[in-house]
There are 2 protein chains.
Amino acid sequence: MRRDVFQGIADPTRRAIILLIAMQAMTPNAIAEHFKTSRQAVSKHLQILTECKLVKQEHSGREIYYQLNGAKMADIDKWLEQFKKIWETRFNQLDEVLLTMKKNKK
Amino acid sequence: MRRDVFQGIADPTRRAIILLIAMQAMTPNAIAEHFKTSRQAVSKHLQILTECKLVKQEHSGREIYYQLNGAKMADIDKWLEQFKKIWETRFNQLDEVLLTMKKNKK
DNA sequence: TATATGTGCAATTATTCGGTTGCGCAAATT
DNA sequence: AATTTGCGCAACCGAATAATTGCACATATA
């Protein structure tokens with residue numbers, strides 16, 4: 001299944017997990033302790049987060065530390081950037097309109 | 001049903017709709033023309049976007065113009081801000097570590 | 001070696017999601 | 001007044017989602 005970042009952050013539990021491991025890389029068990037759901041459920045969320053590259057694994061013996069992939073978080077920022085540009089353009093157009101009005105006035 | 005912004009932007013069609021009306025407010029029919037889905041399907045997406053306040057309506061006779069609520073888009077930006085702060089803190093801590101190492105060296 | 005621990009994976013279930021179709025209603029058009 | 005147009009709403013359907021439970025397997029620990 002093809003996942004994207006926006007699907008990754010859609011679930012509130014997953015956003016909480018992201019926030020947790022943003023501060024410190026953690027194992028599934030350690031993460032699960034912070035929630036009232038089972039470890040397996042957390043593991044599934046981690047799988048989804050891994051699929052959309054929001055999270056990276058680091059193996060250490062039998063433990064697996066999950067850590068946030070900051071670069072992928074930037075994808076969201078990038079998407080938002082689009083709208084900032086659109087709004088800027090809007091304002092520029094508004095400026096032009098005002099300028100034209102001013103010209104026609106005199 | 002309680003919706004949040006992240007659920008709103010989770011679906012690719014909805015993101016496309018958001019982008020469309022970001023440029024110009026549009027009616028459901030006009031929006032639907034840009035996709036291969038039915039008007040009713042688009043209407044459902046608009047309903048969801050309205051529920052999470054990402055979109056506002058403006059009635060004009062029997063037509064309804066949907067426009068983007070930029071303020072709500074900022075919610076996403078706000079959420080991302082958290083992580084930027086966490087990362088900054090991380091870097092500051094790294095600075096401290098390097099500083100401590102430097103001190104111990106001499 | 002036997003046991004405990006950390007993990008992923010498969011099967012199951014209830015719920016939600018995205019879509020279609022059909023309908024009713026109010027506003028425009030004829 | 002009759003018809004067309006734009007819209008929301010409800011019923012329905014197949015697919016995806018989130019969560020639970022049970023299991024298998026590798027790595028520590030006794």
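All of the points below concern the structure found in this document. (Residues numbered from 1 in each chain as written. Chains lettered and ligands numbered in written order. Predicted model: local features only at pLDDT ≥ 70, side-chain atom pairs only at ≥ 80, totals over all residues. Heavy atoms only, no water.)

## Topic: unusual backbone geometry
Cut-off, in case you're wondering: A run of H or I in DSSP becomes a helix once it reaches four residues, and a run of E becomes a strand once it reaches two; helices and strands are each numbered from the N terminus.
Non-glycine residue Lys-53 of chain A carries a positive phi angle of around 65°. Inspection of the secondary structure assignment puts Lys-53 of chain A in the loop between helix H4 (39–51) and strand S1 (55–60).

## Examining the packing of helix H2 (residues 12–23) of chain B against helix H4 (residues 39–51) of chain B
Residue and element names in this part refer to chain B. Counted only if it meets this: With axes taken as lines fitted to C-alpha atoms, and helix axes fitted only over the stretch in contact, angles between N-to-C directions fall between 0 and 180 degrees. Note on angle classes: values under 35 degrees are labelled roughly parallel, values over 145 roughly antiparallel, values of 65 to 115 roughly perpendicular, and the remainder oblique. Contacts are assigned to residue pairs with any non-hydrogen atoms lying within 4.5 Å of each other. Amino acids outside the nonpolar list (Ala, Val, Leu, Ile, Met, Phe, Trp, Tyr, Cys, Pro) and the charged list (Asp, Glu, Lys, Arg) are all regarded as polar, and Gly is one of them.
Axis separation between H2 and H4 bottoms out at 10 Å; the angle between their running directions is 80°. As summarised for this structure, H2 and H4 are arranged roughly perpendicular, according to the angle between their axes. Counted together, Thr-13, Arg-14, Ile-17 and Ile-18 of H2 and Val-42, His-45, Leu-46, Ile-48 and Leu-49 of H4 form the full contact between these two elements. When its residues are assigned to classes, the contact of H2 with H4 shows six nonpolar, two polar and one charged.

## With respect to the relation of the copies chain A and chain B
As a reminder of what qualifies: Least squares is the method used to superpose the copies, on C-alpha atoms of residues holding a pLDDT of at least 70 in both.
Overlay of chain A on chain B (RMSD 0.1 Å): rotation 180°, translation along the axis 0.0 Å. In symmetry terms, the pair is related by a two-fold rotation axis. Closest approach to the rotation axis within chain A is made by the C-alpha atom of Ala-10 of chain A, at a distance of 2.9 Å. A symmetric contact is evident, with 100% of the interface residues of chain A recurring at the interface of chain B.

## Quick word on the protein's contact with DNA strand D
Threshold: Residues are counted as near a molecule or strand when any one of their heavy atoms sits within 4 Å of it. Throughout this description, a polar contact denotes any pair of N or O atoms lying within 3.5 Å of each other; where both atoms belong to protein, one of them has to be capable of donating a hydrogen while the other can accept it, and for residues adjacent in sequence the pair is counted only when both atoms sit in side chains.
The local shell around DNA strand D holds 26 residues, among which Gln-7, Lys-44 and His-45 of chain A together with Arg-62 and Tyr-66 of chain B are the closest. Within 4 Å of the protein, the contacting atoms of DNA strand D are 57% sugar and phosphate, with bases supplying the remainder. Gln-7 of chain A places a polar side-chain atom, nitrogen or oxygen, 2.4 Å from a phosphate oxygen of DNA strand D. Elements supplying a minimum of two residues to the surface near DNA strand D: helix H2 (12–23) and H4 of chain A together with helix H3 (28–32), H4 and strand S2 (63–68) of chain B. Counting residues per element, the surface near DNA strand D draws most heavily on H4 of chain A, which supplies five residues.

## Quick look at the interface of chain A and chain B
To keep it simple, the criterion reads: As a working definition, buried area equals the accessible area (1.4 Å probe) given up by two parts on being put together, with both sides summed. Salt bridge, as applied in this entry: a Lys or Arg side-chain nitrogen positioned within 4 Å of an Asp or Glu carboxyl oxygen.
Each side of the interface is counted separately: chain A has 24 residues, and chain B has 24 residues. Interface of chain A and chain B: buried area, both sides summed, is about 2200 Å²; carbon and sulfur atoms make up 71% of it. Across the salt bridge formed by Lys-84 of chain A and Asp-77 of chain B, the nearest N and O atoms sit 3.3 Å from each other. On inspection of chain A and its partner chain B, the count reaches four residue pairs in polar contact (both at pLDDT 80 or more). Secondary structure elements with two or more residues in the side of chain A that touches chain B: H2 and helix H5 (70–105) of chain A. In terms of residue count, the dominant contributor to the side of chain A that touches chain B is H5 of chain A (12 residues). Classifying every residue of the side of chain A that touches chain B by side-chain character gives 16 nonpolar, three polar and five charged.

## Considerations on the packing of aromatic side chains
Applied cut-off: Each Phe, Tyr or Trp ring (for Trp, its six-membered ring) is paired with any other whose centre lies within 6.5 Å, and the angle between the two planes then decides the class: stacked below 30 degrees, edge-to-face above 60, tilted in between.
Under the definition given, this model contains six aromatic pairs over all chains. Residues Trp-79 of chain B and Phe-83 of chain B carry aromatic rings whose centres are separated by 4.9 Å and whose planes lie at 75° to one another, so their mutual orientation is edge-to-face. On the criterion of helical spacing, the pair formed by Trp-79 of chain B and Phe-83 of chain B is a turn pair, its members being four residues apart in helix H5 (residues 70–105). Within the aromatic cluster, the residues linked to one another by ring pairs are Phe-6, Trp-79, Phe-83 and Trp-87 of chain A.

## Quick look at the protein's contact with DNA strand C
The environment of DNA strand C is formed by 26 residues, the closest being Arg-62 and Tyr-66 of chain A together with Gln-7, Lys-44 and His-45 of chain B. The separation between a base oxygen of DNA strand C and a polar side-chain atom of Arg-39 of chain A is 3.1 Å. Breaking the surface near DNA strand C down by element, the ones donating at least two residues are helix H3 (28–32), H4 and strand S2 (63–68) of chain A together with H2 and H4 of chain B. Here the element with the most residues in the surface near DNA strand C is H4 of chain B; it accounts for five residues. Its residues placed into classes, the surface near DNA strand C shows six nonpolar, 11 polar and nine charged.

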